[in-house]
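Structural characterization, general
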Number of protein chains: 2
Amino acid sequence: MSPINIFGDVIPADARIERLLAQIDGAHAELGEPATLSRERANILLARIIWSRSCDPGDGVAGSLIAAVGAEDALHLVMRSVSPQHVTALLREHGSTISARAVAEALGRWEQRLKQPETILDIERAAAAGLRVVIPGDPNWPAQFDELDQHAPTMLWCRGNLTLLRSTAISVVGARAATGYGTHITAELVQGLSEAGLTIVSGAAYGIDAVAHRTALAAGAPTIAIVAGGADRAYPSPHAPLLDRIAAEGLVCAEMIPDSAPTKWRFLQRNRLIAALSGATLVTEAGVRSGSINTAGHAAQLGRALGAVPGAVTSATSAGCHRLMREYGAEMITNVREACELAGVSDELQIFADEPNTREREWQRRVRDALPLRGSRTLAEIATAAGLAPHQVRGVLAELELLGRVHRADQTGDASPKWRLARH
Amino acid sequence: MSPINIFGDVIPADARIERLLAQIDGAHAELGEPATLSRERANILLARIIWSRSCDPGDGVAGSLIAAVGAEDALHLVMRSVSPQHVTALLREHGSTISARAVAEALGRWEQRLKQPETILDIERAAAAGLRVVIPGDPNWPAQFDELDQHAPTMLWCRGNLTLLRSTAISVVGARAATGYGTHITAELVQGLSEAGLTIVSGAAYGIDAVAHRTALAAGAPTIAIVAGGADRAYPSPHAPLLDRIAAEGLVCAEMIPDSAPTKWRFLQRNRLIAALSGATLVTEAGVRSGSINTAGHAAQLGRALGAVPGAVTSATSAGCHRLMREYGAEMITNVREACELAGVSDELQIFADEPNTREREWQRRVRDALPLRGSRTLAEIATAAGLAPHQVRGVLAELELLGRVHRADQTGDASPKWRLARH
């Protein structure tokens, strides 16, 4: 098979498209100005972008073919209308057992969607919405997605801080129809998890998801929304402001092309990404038929830690949590310390002692309260504001720095270093 | 060692004491009139009664000595003031590793309490209160107690239906400071467990214990209260009417001698009997320091099934249940079906379908409602009262009979059999 230039042979190699591609490339955009892309980078980005449009989330045939020959050659095979028998034989060579029939069906699906003008539109939409793309092999690509094997996403469309994809995360998900209890306990646990330095991953849905994101935002902690439609599309629409805030201070991402509508299938597939991205999944409140059960199922299948919060057995919105504990081996989570243990965050620093208000923890709160939301302060200023001795503040600042909650402010030639709150 | 006659040598062999002994002997009392006892039976009853006064509940040295040489000879050794070294050597011969010092201490404790007049008083008190004694080897002695090994009780003082000691039982225990939630869910579960034919064992304390007993009584189902003081003593005193009802329709039992005051130690030891008597222990609501945690610990140690009902993590009265699930491997129980499974009761008869109101279950209720609380009815009468067809009533009666909920009324020469509600 002769090599193909996606950029040129498939998508017109004009300067405008090249500029847009550079603009949305997650690996380049950090530089601040639209760099020019190498032909190689443009090819691989385009190939992935076309795959993102051509196949449904979790398409195992596409995943297998891309794993076998790479995204570009896989695309080339489809464009050359290679016979299903040929593709099946190729997959067999690479150890796949996908049937010829499944391959034939997949080729039919993909060909229908392989439309050049729409792909240009996808790129334009992404650039207009400020999206950036991340593909396997990129520095920010989450290695955890590889565990999804042939069901891994072909790429991510992102809005926000891409580096969060590499942070230590816990998914906190639950019922849309959250109760006061679910809301309360979700906020309490997310507050604690945020303070422990974890990134909160959720699905931006009504109810528990929204509480998880909002609590993280309020705590100034990182949060990632993985959405089922396009990353530029607000769903549910009243959550547009919330998604904008998450994009501004955290990250919104999707495997679907821009402007995609979320569908039932896409929600179910989206859940596998929520489960895969984080080391642990915590369901704080869920009915027996909640989508969170699906997310939890993915987490269990991936061997991720799974936790659930118990509630009254008389509450239908806790029945799903109870089911997860009885049938899925989910660990029972009743407080922040247990949630941190679930997420694999050690409490070495003993910020989560059994007694909720140890002196250490209280001091941490006082020091953090003594720091301004914007700007910075010296140790002496903090000590005065917090009502603690300078040596006490020094120890607490060291702990908070280790936890990623405070940073030394950038400064030049000042004898006394200044401290500021971490804004992720 | 020459054989001893407890009746005669230790307790005066007079006719009045012989009559009282016959009256309180659980193996004879069923006959209705005070039978005379064999000298052998009188000896072993008296030996156990004296041990019941002489040692604290769960006294492992006494248990080992009785297991080694029998209650009578063990008593004889103590009365002859045999040296601790001799007793220790004897225990060693029987495989015990109890230290000479522990034996010396035990001998000292027992001798202090070995008082003839008090033992006569114990017998008089028991007879006056209508208590009956059950000892190891008796038909009603619960074989499960043997699993307590040297900590098994030396005997039981009982008030009520002794045959219940042989029934299939589940312990339902929990916090004294029960909430509306705990009360509600305990009543619901006990109602279902009662309908499944299980005997409910509890401790007659305030809160969950009382709800468990009362629900069983209201369901006309058997219930056993194991108390920490004397079986004739109402503790807490406002529970005197409740204990009287349990004695009248179920069973109250104790290992302590009549009129004993319950103490903290005795409560803890009593809990081992609650755990040992039943195949499963269910804690429906408990704080982290609740006595139920102790009962549950005994159950876990004995390898008995252990269950706990989850609740809101914001509720201190559910924290103990959550701890049992996280740390003791207690199974999470959220409904009657799961509670029955915990107790090992199969739902072969499918009375516990997932839908709470299957037709079968509704029919059972209607048939039971159609039976009078006292007296009996024919199948035709029941069918009329229940608004069901005779063939439907026939099937339901067969099921209820299997479950022990209804019985054929005793009658002679009547063509059409009559049915009555089971009163345990």
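Each value, and the rule that gives it
- Residues numbered from 1 in each chain as written.
- Chains lettered and ligands numbered in written order.
- Predicted model: local features only at pLDDT ≥ 70, side-chain atom pairs only at ≥ 80, totals over all residues.
- Heavy atoms only, no water.
- Helix = DSSP H or I, 4+ residues; strand = E, 2+ residues; numbered from the N terminus.
- Rg over C-alpha atoms; globule rule 2.2 N^0.38 Å.
- Buried < 20%, exposed > 50% of the residue type's maximum accessible area, 1.4 Å probe, protein only.
- Areas by Shrake-Rupley, 256 points an atom, 1.4 Å probe, with all protein chains shown as cover.
- Phe/Tyr/Trp six-rings, centres within 6.5 Å; stacked < 30°, edge-to-face > 60°.
- Least-squares fit on C-alpha atoms with pLDDT ≥ 70 in both.
- Contact = heavy atoms within 4.5 Å.
- Disulfide = S-S within 2.5 Å.
- Pairing = 2+ DSSP bridges.
- Axes fitted to C-alpha atoms, helices over the stretch in contact; angles between N-to-C directions.
- Buried area = accessible area lost by both parts, 1.4 Å probe.
- Salt bridge = Lys/Arg side-chain N within 4 Å of Asp/Glu carboxyl O.
- Polar contact = N/O pair within 3.5 Å; in protein donor to acceptor, adjacent residues only side chain to side chain.
- Left-handed = near helix turned anticlockwise from the far one by under 90°.
- pLDDT = per-residue confidence, 0-100.
- Domains from an automatic or database assignment.
- Expected span 1.5 Å × (residues − 1).
- Arc of directions from axis to C-beta.

So, on to the overall build of chain A. Looking only at helices and strands, chain A has 18 helices and 12 strands in total. Over its C-alpha atoms chain A spans a radius of gyration of 24 Å, differing by no more than 12% from the 22 Å that the globule rule assigns to 424 residues. By its C-alpha atoms, chain A is 75 × 60 × 40 Å across when sized along the principal axes. Taking all 424 residues of chain A together, the buried fraction comes to 55%. Within the structure as shown, chain A displays about 17,700 Å² of accessible surface, and the carbon and sulfur contribution to it stands at 49%.

Residue and element names in this part refer to chain A. One pass over the full model with this rule turns up 6 aromatic pairs over all chains. Aromatic pair Tyr-235 and Phe-267: ring centres 5.6 Å apart, planes at 55°, arrangement tilted. Here the residue Tyr-235 occupies a position in the loop between β5 (223-226) and α11 (240-249), and Phe-267 occupies one in helix α12 (residues 264-277), the gap between them amounting to 32 residues. Look at Tyr-235 and you get partly exposed, because its relative accessible area is 43%.

Of the two same-sequence chains, chain B is brought onto chain A (RMSD 0.2 Å, axial shift 0.1 Å) by a rotation of 180°. Read as a symmetry element, the transformation amounts to a two-fold axis. Rotation axis and chain B: the residue whose C-alpha lies nearest the axis is Gly-311 of chain B, separated from it by 2.2 Å. When the interface residues of chain B are mapped onto chain A, 100% of them again lie at the interface, so the same face is used by both copies.

Bringing the state of the cysteines into the picture now. Evaluation of the coordinates by the stated rule reveals 0 disulfides over all chains. Residue Cys-321 of chain A stays outside any disulfide, its sulfur separated by 17 Å from that of Cys-321 of chain B, the closest cysteine. Free cysteine: Cys-340 of chain A, not disulfide-bonded; nearest cysteine sulfur from Cys-321 of chain A at 18 Å. Looking at Cys-340 of chain A, the relative accessible area reads 2%, which means it is buried.

All names here are of chain B. By the criterion of burial, strand β7 (residues 280-285) is predominantly enclosed, with 6 of the 6 residues buried. Direction of pairing for β7 relative to strand β8 (residues 305-308): parallel, over a ladder of 4 bridges. By the bridge assignment for β8, Val-283 is matched with Ala-308.

Residues and elements named next belong to chain A. With mixed pairing, 9 strands are arranged side by side in an open sheet as β1-β2-β6-β5-β4-β3-β7-β8-β9. Unpaired on one side and paired on the other, β1 (132-134) and β9 (331-332) mark the two borders of the sheet. Where strand β3 (residues 169-174) lies against strand β4 (residues 199-202), 3 bridges are found, and the strand directions are parallel. Of the residues in β4, the one forming a bridge with Ile-170 is Ile-200. Packed onto the sheet, α12 meets β2 (156-160), β3, β4, β5 and β7 (280-285) and runs at close to 155° relative to β5.

Here the focus is unusual backbone geometry. For residues other than glycine, phi is negative in most cases, and the peptide bonds are mostly trans. Residues and elements named next belong to chain A. Here the amide bond leading from Tyr-235 into Pro-236 is cis, since omega sits at -10°, within 30 degrees of zero. Even without glycine at this site, Ser-81 takes up a positive phi of about 50°. Relative to the assigned elements, Ser-81 resides in the loop between α5 (71-79) and α6 (84-93). At Ala-204, a position not held by glycine, the phi torsion is positive, near 60°. Within the secondary structure, Ala-204 is located in the loop between β4 and α10 (208-218). Ala-204 sits in the buried class, given a relative accessible area of 0%.

All right, on to the interface of chain B and chain A then. Each partner contributes residues to the interface: chain B has 18 residues there, and chain A has 18 residues. Of the roughly 1,400 Å² buried between chain B and chain A on both sides combined, carbon and sulfur atoms contribute 68%. Its largest share of buried area at the contact with chain A, chain B owes to Val-313, Arg-326 and Met-332 of chain B, together 47% of the area lost on that side. On inspection of chain B and its partner chain A, the count reaches 6 salt bridges. Where Glu-338 of chain B meets Arg-326 of chain A, a salt bridge forms, and the shortest distance between an N and an O atom there is 3.2 Å. Where chain B packs against chain A, one counts 8 residue pairs in polar contact (both at pLDDT 80 or more). For the side of chain B that touches chain A, the elements supplying multiple residues, two or more each, are α9 (180-195), α14 (316-327), β9 (331-332) and α15 (336-342) of chain B.

All right, on to the packing of α9 of chain B against helix α10 (residues 208-218) of chain B then. Residue and element names in this part refer to chain B. Axis separation between α9 and α10 bottoms out at 9 Å; the angle between their running directions is 35°. Considering the relative orientation of α9 and α10, their crossing is right-handed. Of the residues in α10, those in contact with Gly-182, Thr-183, Thr-186, Ala-187, Val-190, Gln-191 and Ser-194 of α9 are Ile-208, Val-211, Ala-212, Thr-215 and Ala-216.

Let us now look at the confidence of the model for chain A. The predicted model of chain A averages 90 in pLDDT, with 92% of residues at 70 or higher. Note on residues 348-358 of chain A: pLDDT under 50 across the span, and 16 contacts to partners over four residues away in sequence or across chains.

Residues and elements named next belong to chain B. Spatially, β10-β12-β11 is the arrangement adopted by the 3 strands of the open sheet, whose pairing is antiparallel. Each having just a single partner strand, β10 (377-378) and β11 (406-408) make up the two edges of the open sheet. Note that β10 and strand β12 (residues 418-421) share 2 bridges and pair antiparallel. Along β12, the bridge assignment pairs Thr-378 with Lys-418.

Glancing now at the domain arrangement of chain A. Under the domain assignment, chain A is made up of domain 1 (6-128), domain 2 (165-225 + 263-342) and domain 3 (359-421). Computed from C-alpha coordinates alone, the two centres of domain 1 of chain A and domain 2 of chain A are separated by 33 Å.

All names here are of chain A. Following the sequence through the fold, Pro-372 ends up in the loop between α16 (359-369) and β10 (377-378). Judged by its relative accessible area of 23%, Pro-372 is partly exposed. Distance from Pro-372 to Thr-284, taken between C-alpha atoms, is 32 Å for residues 88 residues apart in sequence. Among all residues touching Pro-372, those that are not within four sequence positions of it are Arg-377 and Leu-421.

So, about helix α7 (residues 100-113) of chain B. Residues and elements named next belong to chain B. If you check α7, its first and last C-alpha atoms are 20 Å apart, about what 14 residues at 1.5 Å a residue would give, namely 20 Å. Turning to α7, its buried residues are Val-103, Ala-106, Leu-107 and Trp-110. Seen from one end, α7 has its buried residues packed into an arc of 105°, which puts them on one side. Residues of α7 that are exposed and angled more than 90 degrees away from the buried face: Arg-101 and Gln-112. Residues of α7 that are buried sit in contact with α3 (39-54), α4 (60-69), α5 (71-79) and α6 (84-93).

Attention now moves to the pattern of salt bridges. Residues and elements named next belong to chain A. Within this structure, the stated rule accounts for 41 salt bridges over all chains. Across the salt bridge formed by Asp-244 and Arg-159, the nearest N and O atoms sit 3.0 Å from each other. Placement of Asp-244 in helix α11 and of Arg-159 in strand β2 is noted, with a sequence separation of 85 residues between them. Of the residues examined, Asp-244 reaches a relative accessible area of 41% and is grouped as partly exposed. Taking relative accessible area as the criterion, Arg-159 reaches 17% and is therefore assigned buried. For Arg-245, the salt bridge goes to Glu-249, with nearest N and O atoms at 3.7 Å.

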